[in-house]
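Architecture and fold: a report
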Amino acid sequence: MAITYTNTTYDNVIDSLHTIISDEFKIPLRYDEHKGNQSFLIKPLEDNLEQTFNSGQEREYMVMIEHKLLSGGSFNRNHIKQAAETYERVKKLIFNNISHENNWYNGRIESIITTRDEEALLSEMQFNCTSR
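A brief structural summary. Just so we're clear, the structure is a prediction, and the values are computed from it rather than from any experiment.

Examining the packing of aromatic side chains
Geometry of an aromatic ring pair is reported as the spacing of the ring centres plus the angle between the planes. A complete count under the given rule lists 2 aromatic pairs for this structure. With a centroid separation of 5.1 Å and an interplanar angle of 65°, the aromatic rings of phenylalanine 25 and phenylalanine 40 are classed as edge-to-face. Taken together, the residues span a long stretch of sequence, with phenylalanine 25 in the loop between α1 (8–24) and β1 (29–30) and phenylalanine 40 in strand β2 (residues 38–53) at a distance of 15 residues. For phenylalanine 25, a relative accessible area of 7% translates into the label buried. Judged by its relative accessible area of 0%, phenylalanine 40 is buried. For the cation-ring pair, arginine 89 lies above phenylalanine 25, with the distance from its terminal atom to the ring centre recorded as 4.1 Å.

Written as structure tokens, this is what we have:
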């Protein structure tokens, strides 16, 4: 007999996160690689068991939201300002959706790391949430 289950990682966490970000930004959101002048990339990282109940489990999910902004090889304060405005807006967006429908609760941006190379600024935002 086949088991019945919900694909919580994708349906409740990743797809919901995709919807929230896509509804707010006019920036492409991808799963494979960055393309264009700027884009978001969603990468599932961890799925950790927090608690077990008779009726199910409580799990914490960790997803990396990357934002890449091409700079054309030169950096100035406008590039830094634009990258910071984007990740500050994502932080506020997630705070406003700390509980998202019945999909997750305690949603938060745990940390942000911004790095740069010859062509771009990359902001990595670690999103964590809990789901039952």
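Remarks on the pairing of strand β3 (residues 56–70)
Of the strand pairs in this sheet, β2 and β3 are connected by 14 bridges, and their pairing is antiparallel. Looking at β3, one finds that aspartate 47 is bridged to tyrosine 61. Alignment of β3 against strand β5 (residues 120–131), held across 12 bridges, turns out to be antiparallel. Bridge pairing in β5 links arginine 59 to serine 131.

Rules used in this analysis
Residues numbered from 1 in each chain as written. Predicted model: local features only at pLDDT ≥ 70, side-chain atom pairs only at ≥ 80, totals over all residues. Heavy atoms only, no water. Phe/Tyr/Trp six-rings, centres within 6.5 Å; stacked < 30°, edge-to-face > 60°. Helix = DSSP H or I, 4+ residues; strand = E, 2+ residues; numbered from the N terminus. Buried < 20%, exposed > 50% of the residue type's maximum accessible area, 1.4 Å probe, protein only. Lys NZ or Arg CZ within 6 Å of the ring centre and 35° of its normal. Pairing = 2+ DSSP bridges.

By themselves, these figures tell us nothing about what the structure is for.
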